[in-house]
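Spelled out, the chains give:
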Amino acid sequence: MTLRVSSLDGRVTLTVPRHVSDREALAFAETRAEWVRGHVERAPGETVVAEEAELPIDGTPHVVRRGDVAAATARDGVLYVPRRSRAVPRAVQAYLKATARDALSEACDRFAAKLGRPYAALSLRDTRSRWGSCTAEGRIMLSWRLIMAPRDVRDYVAAHEVAHLAEMNHSPAFWARVAEIYGPHDRQRAWLRHHGPALHRVRFDL
């Protein structure tokens, strides 16, 4: 039996073998109650998207506000959503996804051209375990939450997945490809390790 506390949102997961009864599982969890409580209390809080909430776009904090705009617009540290919007979280999420698609498509196109290998398709998802992936068929998947990260970090992830078009592994040859089309990337990888979890803690209660 194992207990895990997610570093993303503090969610507690208890995993038990099939032959273990509910009573045994709960008893095990109770013996770890103090440990769980400590981890949950230290877990960073979530950001629930609503009016006056603050979330990053391109790595820069933006405050969400209703405004006289026809469509959601980011300007001068404010993300304005139309006054007529019934659901602010939905409007904000739609803006982030649309902006991410434009930015990540441009980045993938740019790095694929430098690599000299086209990709087959690009899809955006809200994945928790990875920022992106690339299949042997050349289908690239990226997290739309990357639009909240600084542009250089977002570009690094795009370059990383594009490099897999040439090397479907993480060998020295692969990292050489990343460096070839992107350049030095230690700082961007470190940013994702330290700040990436915060992007997953932005919650949209749709």
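Heads up: the structure comes first, above all this text.
Model, not experiment: these values are computed from the prediction.

Enquirer: How do you make sense of the sheet that holds strand S8 (residues 121–125) when you look at a structure like this?
Expert: Through backbone hydrogen bonds, the strands of a sheet pair up, either in parallel or in antiparallel fashion. The mixed open sheet is built from 3 strands, whose spatial order is S8-S10-S9. Edge positions in the sheet fall to S8 and strand S9 (132–134), since each of these pairs with one other strand and no more. Between one strand and the next, the sheet's axes are offset by a mean angle of 15 degrees, whatever the strand orientation. Sitting on the sheet, helix H3 (residues 88–115) touches S8 and strand S10 (139–143), and the angle it makes with S8 is about 145 degrees. Against the sheet, helix H4 (residues 151–163) engages S9 and S10, with an angle of about 160 degrees to S10.

Enquirer: Help me understand the pairing of S10 in this model?
Expert: Remember that side chains alternate between the two faces of the sheet whenever the strand is regular. Counting buried positions over the 5 residues of S10 gives 4, a clear majority of the element. Relative to S10, S8 is paired through 5 bridges, and the arrangement is parallel. Residue Ser-123 lies in a different strand from S10, and its bridge partner there is Met-141. The sheet contact formed by S9 and S10 spans 3 bridges and is antiparallel. Residue Cys-134 lies in a different strand from S10, and its bridge partner there is Ile-140. Between the end of S9 and the start of S10, which pair antiparallel, lie 4 residues, with Gly-138 showing a positive phi angle near 85 degrees.

Enquirer: I keep staring at a nonpolar patch on the surface and nothing clicks. Help me out?
Expert: A contiguous nonpolar patch, built from Met-1, Leu-14 and Val-16 and spanning about 210 Å² of accessible area, is present on the exposed surface. Tracing the backbone shows Val-16 in the loop between strand S2 (12–15) and helix H1 (22–31). Val-16 sits in the partly exposed class, given a relative accessible area of 33%.

Enquirer: Explain the packing of aromatic side chains to me, please; I cannot follow it from the model alone.
Expert: The description of an aromatic ring pair rests on the distance of the ring centres and on the angle between the ring planes. A full pass over the atoms with the stated rule returns 4 aromatic pairs. Ring geometry for Tyr-156 against Tyr-182: centres 6.0 Å apart, planes inclined by 70 degrees, an arrangement best described as edge-to-face. Note that Tyr-156 is positioned in helix H4 and Tyr-182 in the loop between helix H5 (172–181) and helix H6 (186–200), a separation of 26 residues in sequence. Both residues of the pair, Tyr-156 and Tyr-182, count as buried. Here the aromatic rings of Phe-174 and Trp-175 are separated by 4.9 Å at their centres, their planes lie at 75 degrees, and the arrangement is edge-to-face. A cation over a ring is seen here: Arg-110 above Phe-111, with NZ or CZ 4.8 Å from the ring centre.

Enquirer: Explain the side chain of His-164 to me, please; I cannot follow it from the model alone.
Expert: Along the chain, His-164 turns up in the loop between H4 and H5. Taking the relative accessible area as the measure of exposure, His-164 reaches 7% and is therefore buried. Separated by 3.5 Å, the side chain of His-164 and the backbone oxygen of Asn-169 make a polar contact. If we skip the residues at most four places from it in the chain, His-164 touches Cys-134, Asn-169, His-170 and Phe-174.

Enquirer: Which parts of the structure should I look at to understand the environment of Glu-34?
Expert: Topologically, Glu-34 is positioned in helix H2 (residues 33–42). Sequence separation between Glu-34 and Ile-147 is 113 residues; the distance between their C-alpha atoms is 37 Å.

The rules behind the values
Residues numbered from 1 in each chain as written. Predicted model: local features only at pLDDT ≥ 70, side-chain atom pairs only at ≥ 80, totals over all residues. Heavy atoms only, no water. Pairing = 2+ DSSP bridges. Helix = DSSP H or I, 4+ residues; strand = E, 2+ residues; numbered from the N terminus. Axes fitted to C-alpha atoms, helices over the stretch in contact; angles between N-to-C directions. Contact = heavy atoms within 4.5 Å. Buried < 20%, exposed > 50% of the residue type's maximum accessible area, 1.4 Å probe, protein only. Patch = residues over 30% accessible without salt bridge, like charges linked within 9 Å, V, L, I, M, F, W, Y side chains within 5 Å. Areas by Shrake-Rupley, 256 points an atom, 1.4 Å probe, with all protein chains shown as cover. Salt bridge = Lys/Arg side-chain N within 4 Å of Asp/Glu carboxyl O. Phe/Tyr/Trp six-rings, centres within 6.5 Å; stacked < 30°, edge-to-face > 60°. Lys NZ or Arg CZ within 6 Å of the ring centre and 35° of its normal. Polar contact = N/O pair within 3.5 Å; in protein donor to acceptor, adjacent residues only side chain to side chain.

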